[in-house]
Amino acid sequence: MSKIKCRNCGKELIYNVISDIPTFPFCSERCKLIDLGSWFDEERRIEDPVPDDQIESNDT
Ligand SMILES: [Zn+2]
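What counts and how
- Every chain is numbered independently, its residues counted from 1 as its sequence is written.
- In keeping with the predicted nature of the model, local features appear solely for residues at pLDDT of at least 70, side-chain atom pairs appear and are counted solely at 80 or more, and the whole-chain, interface and lining totals rest on all residues.
- By the criteria applied, helices consist of DSSP H or I runs no shorter than four residues and strands consist of E runs no shorter than two, each listed in order from the N terminus.
- Once C-beta atoms have been placed from the backbone, residue pairs whose C-beta atoms lie within 7 Å are recorded as contacts.
- Strands pair, by our definition, only if DSSP identifies at least two bridges between them.
- On a scale of 0 to 100, pLDDT captures the predictor's confidence in every residue.

(A) Molecular detail of the overall build of the protein. Within the protein, the secondary structure is distributed over 2 helices and 2 strands. Each helix (α) and strand (β) of the protein, taken in turn from the N terminus, gives the series β-β-α-α. Counting only contacts in the protein whose residues sit at least 6 apart along the sequence, the fraction spanning at least 24 positions is 12%.

(B) Looking closely at unusual backbone geometry. The amide bond that connects Phe24 to the next residue, Pro25, takes the cis arrangement and shows omega of 0°. By secondary structure assignment, the location of Pro25 is in the loop between strand 2 (12-15) and helix 1 (29-47).

(C) Layout of the pairing of strand 2. Taken together, the 4 bridges between strand 1 (residues 2-5) and strand 2 define a ladder with antiparallel strand orientation. Residue pairing for strand 2: Ile4 is matched across the bridge by Leu13. Counting the residues in the hairpin turn of strand 1 and strand 2 gives 6 residues, including Gly10, whose phi is positive at 85°.

(D) Seen up close, the confidence of the model for the protein. Confidence in the prediction of the protein, expressed as mean pLDDT, is 84, and 70% of residues score 70 or more. No element of the protein has a lower mean pLDDT than helix 2 (residues 52-57), at 66, and none a higher one than strand 2, at 96.

Set out below in structure tokens:
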């Protein structure tokens, strides 16, 4: 048996194999979505200020 802590809320999870936890390394789908959501927010903040000419050059 192994133990991990949920990446989002820190709740302790006990498992024999990783596939015991479909939402690994999170305790639940909710924590998984929260973590992914904050990650995507971070990405969007970086990619947001795209210059107009860069979008046009992708067209060719
Ligand atoms: Zn959690």
